[in-house]
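Observations on the model geometry
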Amino acid sequence: MTLRFDNRVAIVTGAGGGLGRAYALDLARRGAKVVVNDLGGARDGSGSSLSAAQGVVDEITAMGGEAMANGASVTDAAAVEKMVAFVKERWGRVDILINNAGILRDRTFVKMSHDDFRQVLDVHLMGSVICTKAVWEIMREQTFGRILMTTSSTGLYGNFGQANYGAAKLGLVGLMKTLALEGAKYNVKVNTIAPLAATRMTEDLMPAELLAKMGPETVVPAAVFLVSDDAPTNAVINAGGGGFERAYVTLTQGIHVAPEDMTAETVAARFAEISDRTGEIVPDTGSAQGAVALGGGNRG
Ligand code: NAI
């Protein structure tokens, strides 16, 4: 089975280099028309230039594909709406959105300014909200849409010096979970990728011999599957260097006690039981989790 994207229109944000470029090239190779969006700034979000996006468009054109460059910042709602309106006018639809644009402002929390925190939240989280909102109605009307969020092992599991980035990245998983529910009726599927790849974002964070084994192309297979016709919804896949895993937010069986035992002392005394992972589940929705709690647990 070959995954094809003929007649599909895809927007990839932050596609002027790194992972976004690799996604754009592969989607174009598989027949999609691709919008290569990139602000073209530095790793910390400063500056801008259309040349990175245009370079990737040139690569796609050279291999016989169809692409357009766009320099909107994902944080600029008006510019993003303009981009989407232009794509709709030129290509008639928007099938795929890969929210990939991102910046880093790493510092330990003690040294991190509010501005460092807000800028990172703004690009990763609000940028994805703004781009998703700009295509959401189009996808609902088409009864077809594939949206990919980009989280990180930092968001899922934490990383020293990345409080701002981790908060933004786990926020995207929360965003996916509700949008997957709201999009289900309209065949709009929303998933999340947690990449690990050698790019300018990681070039000084990992040893060279490791980086050599994990080019962006090692993440592409998971990203492309997650925006394909056969994509699941509400899935988080970690990918990089040949590894593909799925991450879940699980719920333990916990304890369920009578009103007279609902005390801090009970929680303290039974914390090991509350934490015991035997028989843990993955609730489908927040309400399902509430039902487990109020219904006296999920045991058998
Ligand atoms: P990268 O720095 O090469 O790519 C990010 C791109 O986003 C850049 O081309 C940049 O110009 C663009 N960008 C930044 N702010 C923008 C804005 N406001 N509007 C439009 N474009 C903007 O880094 P990489 O590694 O390719 O990162 C891609 C995504 O993957 C990011 O969301 C990153 O957080 C995520 N990620 C990457 C990992 C890795 O191992 N490389 C690990 C976990 C997550």
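The paragraphs below set out a description of the structure included in this document.

Conventions we followed
- Here the residue numbering is sequential within each chain, running from 1 through the sequence in written order.
- Thresholds applied to this predicted model are a pLDDT of at least 70 for local features of residues and 80 or more for the giving and counting of side-chain atom pairs; totals over whole chains, interfaces and linings are not thresholded and use all residues.
- To get the side-chain values, all heavy atoms of the structure are used, and hydrogens and water are removed first.
- Relative accessible area decides the class of each residue, using a 1.4 Å probe on protein chains only: under 20% of the type maximum gives buried, over 50% gives exposed, and in between gives partly exposed.
- Each helix is a run of DSSP H or I of at least 4 residues and each strand a run of E of at least 2, with the numbering of both proceeding from the N terminus.
- Pairs of strands are assigned from DSSP output, requiring at least two bridges between the strands.
- The handedness of a crossover follows from its direction of travel: if, with the strands pointing away from the viewer, the path from the first strand over the helix to the second runs clockwise, the crossover is right-handed.
- Note on geometry: axes are C-alpha line fits, over the in-contact stretch for helices, and angles between N-to-C directions span 0 to 180 degrees.
- Left-handed describes a crossing whose near helix is turned anticlockwise from the far helix by less than a right angle; the clockwise case is right-handed.
- Any pair of residues with heavy atoms lying within 4.5 Å of one another is described as a contacting pair.
- Here the term charged refers only to Asp, Glu, Lys and Arg, the term nonpolar to Ala, Val, Leu, Ile, Met, Phe, Trp, Tyr, Cys and Pro, and the term polar to all other amino acids, Gly among them.
- Summary of the distance rule: residues count as near a molecule or strand when at least one heavy atom falls within 4 Å of that molecule or strand.
- Pairs of N or O atoms within 3.5 Å make up the polar contacts considered here, provided that, within protein, one atom can donate a hydrogen while the other can accept it, and that residues adjacent in sequence are counted only when both atoms are side-chain atoms.
- In short, Shrake-Rupley with a 1.4 Å probe defines the accessible areas, and a residue's cover is counted only from the protein chains shown.

Here's the deal with the pairing of strand β2 (residues 33–37)
For β2, the buried fraction is high: 5 of the 5 residues fall into the buried class. Where burial is concerned, the two faces of β2 agree: the one with Lys33, Val35 and Asn37 and the one with Val34 and Val36 are both buried. Sheet analysis places strand β1 (residues 9–12) next to β2, joined by 4 bridges and oriented parallel. By the bridge assignment for β2, isoleucine 11 is matched with valine 35. Once the chain exits β1 it traverses helix α1 (residues 18–29) before rejoining the sheet at β2, and the crossover so formed is right-handed. Two strands pair when backbone bridges link them, and β2 and strand β3 (residues 66–70) are joined in this way by 5 bridges, in the parallel orientation.

Details of the packing of helix α3 (residues 77–91) against helix α4 (residues 114–142)
At their nearest, the axes of α3 and α4 sit 9 Å apart, and the two run at 35° to each other. Judged by the twist between their axes, the crossing of α3 over α4 is right-handed. Together, Ala77, Val80, Glu81, Val84 and Lys88 of α3 and Ile130, Cys131, Ala134, Val135 and Ile138 of α4 make up the contact between the two elements. Split by residue class, the contact of α3 with α4 holds 8 nonpolar, no polar and 2 charged.

Side note on the sheet that holds strand β8 (residues 243–247)
Within the open sheet, the 8 strands sit side by side as β3-β2-β1-β4-β5-β6-β7-β8. Their pairing is mixed. Two strands bound the open sheet, and with one partner strand each, they are β3 and β8. Neighbour-to-neighbour, the strand axes of this sheet turn through a mean angle of 20°, independent of strand direction. Bridging between strand β7 (residues 236–240) and β8 involves 5 bridges; their strand directions are antiparallel.

Considering the site of the ligand
Near the ligand there are 29 residues, and of these Asp38, Asn100, Tyr165, Ala197 and Thr199 occur at the shortest range. Between the ligand and valine 74 there is a distance of 3.0 Å, counted from a nitrogen atom to a backbone nitrogen or oxygen. When the ligand sits alone it has 820 Å² of accessible area, and the protein chains cover 96% of it. Those elements giving two or more residues to the shell around the ligand turn out to be α1, α4 and α6 (163–183). Looking at the shell around the ligand residue by residue, the classes come out as 12 nonpolar, 14 polar and 3 charged.

So yeah, pure geometry; function would need other evidence.
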